[in-house]
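Remarks on the overall topology
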Amino acid sequence: MAPIPGSGLAKGLAVTLRTMTKKTVTEQYPDAQPDLPPRTRGVIGLFEENCTVCMLCARECPDWCIYIDSHKETVPAAAPGGRERSRNVLDRFAIDFSLCMYCGICIEVCPFDALFWSPEFEYAETDIRELTHERDKLREWMWTVPAPPALDPGAEEAKEIATARKTAEKLAAAQAAQAEPTPPNAPADPQGDES
């Protein structure tokens, strides 16, 4: 069946009329904070302790807005006769948010969970050079990262949590065994004096 001429125009005008008759709602933004969805992409936070300077985030960034500097340090052998190891030490980690397009590729490719989305969006500056956040500023954004969503009730416990729980239970059992009082049929006086 052929479309009726002008039906598209009528549909468009109907949408316009419906929108015009709805009451507008004004968000009182500075006074009342907006209710953001849980997966809001605001600013990127850095959990520096997890960063191994693998440079994956900087290599995969399509805007090249991540700047990382590091140096190598020699770690002495852990056991006698072992060999020394070298490790990367993070000197600089910066993200230029004036270039960032918030694609999230850096967060997805990070194998050590060092980068996280924060829902914070109020970091506008009057000078564009201030939008390059160094690692200290990125570390501060970590405090605003929401907790991960709860696991499905039927899901397995995370391996890290299960291992930590088992270790804590073993430690508690060892401490309870050490703090156990002497048995009741043990002699009260070790010298055997009876009065």
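Preceding block: the structure.
My aim in this report is to walk through the structure given alongside it, one point at a time. Within each chain, residue numbers correspond to sequence positions counted from 1 in written order. Local features in this predicted model are restricted to residues whose pLDDT is 70 or higher, and side-chain atom pairs enter the listing and the counts only when it is 80 or higher, whereas totals over whole chains, interfaces and linings include all residues. The side-chain values count all of the structure's non-hydrogen atoms but skip hydrogen atoms and water molecules.

**Describing the pattern of salt bridges**
The condition that has to hold: The term salt bridge refers to a side-chain nitrogen of Lys or Arg lying within 4 Å of a carboxyl oxygen of Asp or Glu. Here a helix means four or more residues in a row that DSSP labels H or I, a strand means two or more in a row labelled E, and each is numbered from the N terminus. Throughout, exposure labels follow a simple rule: accessible area from a 1.4 Å probe, protein chains only, divided by the maximum for the residue type, with under 20% read as buried, over 50% as exposed, and the rest as partly exposed.
Tallying each qualifying case throughout the model produces 8 salt bridges. R87 is paired through a salt bridge with E73; the nearest N and O atoms lie 3.7 Å apart. Placement of R87 in strand β3 (residues 85-96) and of E73 in strand β2 (residues 66-75) is noted, with a sequence separation of 14 residues between them. Overall, the relative accessible area of 45% leaves R87 in the partly exposed class. By relative accessible area, E73 is classed as partly exposed at 34%. Across the salt bridge formed by E169 and R165, the nearest N and O atoms sit 3.3 Å from each other. One end of the pair is E169 and the other is R165, both in helix α5 (residues 159-178) and 4 residues apart, which spans about a single turn.

**As for the side chain of H133**
Just so we agree on the cut-off: The definition of a polar contact used here is a pair of N or O atoms within 3.5 Å, where within protein one atom must be able to donate a hydrogen and the other to accept one, and adjacent residues in sequence count solely through side-chain atom pairs. Should any heavy atoms of two residues lie within 4.5 Å, those residues are considered in contact.
The topology assignment puts H133 in strand β5 (residues 132-133). On the basis of relative accessible area, H133 is assigned to the buried category, the value being 3%. For H133, the side chain forms a polar contact with the side chain of W141, separated by 3.2 Å. Contacts of H133, omitting those with residues within four sequence positions, involve V43, F93, A94, I95, F97, Y123, L138 and W141.

**What to know about the nonpolar core**
Operational definition: Nine residue types can take part in a nonpolar core, namely buried Ala, Val, Leu, Ile, Met, Phe, Trp, Tyr and Cys, and a core is a set of them joined through side-chain atoms within 4.5 Å.
By size, the foremost hydrophobic cluster in this structure holds 26 residues, and its most contacted members are I44, I66, I68, F93, I95, F97 and L115. Elements represented by at least two residues in this core include exactly β1 (43-46), α2 (56-60), β2, β3, α3 (105-109), β4 (115-118) and α4 (135-141). The residues contacting F97, other than those within four sequence positions of it, are V43, I44, Y102, Y123, L131, H133 and L138.

**Overview of empty space enclosed by the protein**
Which entries qualify depends on this criterion: The way it works is a 1 Å grid over only the protein atoms, where trapped points that fit a 1.4 Å probe form a cavity and open points with protein on both sides within 12 Å along at least five of seven lines form a pocket, and then any residue with an atom within 4 Å of a point lines it. Grid points are joined across faces, edges and corners, and a volume is the space filled by probe spheres set on the points. Residues are grouped as follows: Ala, Val, Leu, Ile, Met, Phe, Trp, Tyr, Cys and Pro are nonpolar; Asp, Glu, Lys and Arg are charged; every other residue, Gly included, is polar.
The tally for this structure, following the rule as stated, stands at 2 cavities of 30 Å³ or more. Here the largest cavity is characterised by a volume of approximately 100 Å³. A per-class count over the lining of the largest cavity returns 13 nonpolar, 1 polar and 1 charged. If you add up the space inside the second largest cavity, you get close to 90 Å³. In this structure, the second largest cavity is lined by C51, T52, V53, C54, M55, C57, I68, F93, C110, F112, A114 and L115. Here the residues of the lining of the second largest cavity sort into 11 nonpolar, 1 polar and no charged.

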